[in-house]
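Residues per chain are reported as follows:
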Amino acid sequence: MGTLFFFHSAIPRLQLPSMPKPIALPPLSCLRKNGDVNGLHEQKSEGNKNVDTSQSIYDDDKNVKPDNIWQLFREAQQNILYLNKQRLGAIEELDETNKEKQSLLNKIQKLEAEKLAGAGKDNLSTCSELLLRIDAMVLSSMVSPGEASELRSLVMNHKVSLADIFNIISRKRDTELLGELRHFSDEHKKNGFHIVHICTEMTPLVRRGSVASYVTGISRALQRKGHLVEVILPKYASLNLDEVQGLREVNVEAYSYFNGQLHGNKIWTGVVYGIGVTLIEPFYYSSFFSREMIYGYPDDFERFSYFCRASLDYIVKCGKQPDILHLHNWETAIVGPLFWDMFVKQGLEGTRILFTCHDFNSQGIEKPDKLALCGLDPLRLHRPDRLQDNTNAELVNILKGGVVYSNGVVIMSSIYPKHIIVHNLSHELEPTLNVHRDKLVIAPYGLDKSTWDPSTDYFLPENFNAENMNGKAVCKVALLQQLGLSEHSSIILVGCIFSDGHDLDEKRLKEVILNAKQHDIQFLFMGTNERSVLNQTLESLQKELKDDNLKLVPTYDEALLHLTLAGSDIILCQSFLDPTDEIPLIALRYGAAPIALANDASSKRAIPFDTSFINQDREATKYSKLINSTFGNMSLSLAIDEIRTNPATWKRKILQAMAHDLSWDGECYDVHVAAYSAIKNM
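This is a predicted model, so every value here is computed, not measured.

**Student:** Please provide a residue-by-residue account of unusual backbone geometry, values included.
**Tutor:** Residue P204 is bonded to the preceding T203 through a cis peptide linkage, with omega at 5°. As for its placement among the helices and strands, P204 is situated in the loop between β1 (194–198) and α6 (210–224). The residue N259 is not glycine, and still its phi comes out positive at about 55°. For N259, the position within the fold is in the loop between β3 (245–258) and β4 (261–272). The backbone phi angle of E428 is positive, close to 75°, even though this residue is not glycine.

Take a look at the structure:
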């Protein structure tokens, strides 16, 4: 379609000279290409085209007035306006069509990515469900614990072929399934670890803290590399079961010991992200896990010691022989003493204990006689080298027991090195940690690379990576256009993404923004929901500053969040120390520098430890060394200054950070497999 240009101006009325014989013009019509007459001012010409027009001119001589010329001109104007309006409408419709097309393409790409990611996950899910069916066979006495152990090895060694067969026979009864399994022969040695997590949190079932995301993240990473992972959890009333595949109740009661008696438990099994999950639901003590909160009750020790004993009873009853029992924080630390004092000789001689400690703030301080509830001997354990608390000799420390009675200890800390944790952050456990120092390793938290990867992120208008950063510039332009901000390439864009569960230092944030305004900086604040306290704080700040370069998006928008991380030069975050905050990790992955809000050039170090130690073996994580050598102690002002005065150095830091694998499959996975290998060979 050709472009119509219409210039509208006032046309003066001219006095026409008198004409002896006024000329009558033929009727005016606006025709489309197909010859149809324009619908607004349709006029039909009648008669034969070969008729002499001069005759009609003289015939109409007396009826034509000079004003008719201007009437015809106005009608032509209206026709042009109409056509121009139609053209603009067609352009708008085309734009909408293109947007719908792009949206559809994004959805198709997302489905294709999920399909590719799900190809392996389906096999893992199938094998996990198969292992849970074997557990049910043991509980119903259909197979012996010894045969069950052989069948589990069979599953681990033939994941793909068994997955194909089980997909066909999965709806058959256990007797038929058992017959099919017995047709297989175990011809290969096991080449991966069998790990069972006994824990109190797991994403997405229980979204409580750092333990939840860690258990799911490291478990998925391990399974992707060929290891078999299972998780045992309490069946809380508040569980989110939407993501559980094949949830079923095992129709056999599993008994466990507590407070001098055997008590029945209902067992539920299912698969989450390809990981086999077992849920334990007490009958008699049903109130233990039917509460609103996960933690924070006076009888927490009773609740979780019951769960720990029930988990071990279930493992033995099923004939499981895992390589590793993986415990977490004080809530499941009691498994260590229970295992070595009571369960190791019940078919678990080859099993080892790995204990993960996420923090030392809560240690489970209790009276010694409570240990007898789950069958332990208080006199045997209430000793300085075992569970006796280091500060109050009359009490026992359950977290200490986890350290003492494990073969290895993983301390989760992305930033702090081992000597700082032991000396400054262990809350009176320093003597115990020093005795067992050779057990201790430090591991960083990770991120889910299937969600956060700029090279495959379907939310982005153009993907990019450390080898080709062109897509990041495209993302920045797209973000600025969407926000209605200036698209000048020299303007630095700072994305601000804060978690709603943390207190925001409004005074400090205001200082940072006012200082940055002198450097011509644009800010984008991402909210979580319109009614959150965080959003109210940000809205108040926006009204006070009245700055067009400060934009607030009050509601959570997943697509915009991805685009913000990809398009921003800097991401302002709360700190680097919160294990539940993935934003600094994701920012580095997307080529944006994470800068801590609490940090500035004159303040004390945000990461208070001696950097002379960070190069010592096993003292600090690779992530800690990376962040300290790049952005860990940099204020926003210093970051802005370096971007503008030393862009080559800034780009080198960004590319260096992007080259690191910050996912669960990276350093975190390597540390755990090394720990499993070390303790398994003991």
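**Student:** Got a sec to walk through the pattern of salt bridges? Specific residues and values, please.
**Tutor:** Scanning the model with the defined rule gives 14 salt bridges in all. One salt bridge connects D313 with R309, and the closest N-O pair in it is separated by 3.2 Å. Of the two residues, D313 and R309 are both situated in helix α7 (residues 300–318); the distance of 4 residues between them amounts to about one turn of the helix. R309 matches D313 in its accessibility class, with the two residues each being buried. Here the salt bridges do not stand alone but share partners, grouping E302, E366 and K370 into one network.

**Student:** Kindly report on the pairing of strand β5 (residues 275–282), identifying the contributing residues and their values.
**Tutor:** Regular strands place their side chains on alternate faces of the sheet. Across the 8 residues that make up β5, a large majority, 7, are buried. Bridge analysis of β4 against β5 gives 8 bridges, and the strand direction is antiparallel. When the bridges of β5 are listed, N265 appears paired with P282. Taken together, β4 and the strand that follows it, β5, pair antiparallel across an intervening segment of 2 residues, in which Y273 is found at a positive phi of about 55°.

**Student:** Kindly report on the environment of L222, identifying the contributing residues and their values.
**Tutor:** Relative to the helices and strands, L222 resides in helix α6. The class of L222 is buried, set by a relative accessible area of 0%. Through-space distance from the C-alpha of L222 to that of H672 is 9.0 Å; in sequence the pair is 450 residues apart.

**Student:** Describe the nonpolar core, and please don't skip the residues or the numbers.
**Tutor:** Core analysis: the largest hydrophobic core is formed by 101 residues, its most contacted members being M202, L205, L325, I334, L371 and I398. With 11 residues, the top contributor of residues to this core is α7. Apart from the residues lying within four places of it in its own chain, the contact partners of I334 are S305, C308, L371, C374, L376, L387 and I398.

**Student:** For the sheet that holds strand β14 (residues 550–553), give the residues involved together with the corresponding values.
**Tutor:** Think of a sheet as strands paired side by side through backbone hydrogen bonds, with each pair either parallel or antiparallel. Pairing is parallel across the open sheet formed by 5 strands, whose spatial order is β14-β13-β12-β15-β16. This sheet does not close on itself; its edge strands, each paired only once, are β14 and β16 (593–596). Taken over all neighbouring pairs, the strand axes of this sheet differ in orientation by 25° on average, direction set aside. Where strand β15 (residues 570–573) and β16 come together, 4 bridges link them in parallel fashion. Among the inter-strand pairings, I571 is bridged to a residue of β16, identified as P594.

**Student:** Tell me about the confidence of the model for the protein chain, and please be specific about residues and values.
**Tutor:** Mean pLDDT over the protein chain: 80, with 75% of residues reaching 70 or higher. Low pLDDT, under 50, characterises residues 1–54; the predicted model gives this stretch 57 contacts beyond four residues in sequence or across chains.

**Student:** Pulling in residues and values, what's your account of helix α17 (residues 558–567)?
**Tutor:** The buried fraction of α17 is high, at 8 of 10 residues. Within α17 the residues assigned to the buried category are L560, L561, H562, L563, T564, L565, A566 and G567. Check the buried side of α17 and you find it contacts α14 (470–483), β12 (492–497), β13 (521–526), β14, β15 and α18 (583–589). Two or three places before A559, at the start of α17, stands the capping residue D557, its side-chain oxygen 3.1 Å from that residue's backbone nitrogen.

**Student:** So what's going on with the packing of α6 against helix α22 (residues 664–680)? Which residues, and what values?
**Tutor:** Direction vectors running N to C along α6 and α22 enclose 80°, while the axes themselves pass 10 Å from each other. The angle between α6 and α22 places the two elements in the roughly perpendicular class. Residues S213, Y214, G217, I218, A221, L222 and R224 of α6 form the contact with α22, whose own contacting residues are W664, D665, C668, Y669, H672, V673 and Y676.

So, how was this worked out
Residues numbered from 1 in each chain as written. Predicted model: local features only at pLDDT ≥ 70, side-chain atom pairs only at ≥ 80, totals over all residues. Heavy atoms only, no water. Helix = DSSP H or I, 4+ residues; strand = E, 2+ residues; numbered from the N terminus. Salt bridge = Lys/Arg side-chain N within 4 Å of Asp/Glu carboxyl O. Buried < 20%, exposed > 50% of the residue type's maximum accessible area, 1.4 Å probe, protein only. Pairing = 2+ DSSP bridges. Core = buried A, V, L, I, M, F, W, Y, C linked by side-chain atoms within 4.5 Å. Contact = heavy atoms within 4.5 Å. Axes fitted to C-alpha atoms, helices over the stretch in contact; angles between N-to-C directions. pLDDT = per-residue confidence, 0-100. Polar contact = N/O pair within 3.5 Å; in protein donor to acceptor, adjacent residues only side chain to side chain. Parallel < 35°, antiparallel > 145°, perpendicular 65-115°, else oblique.

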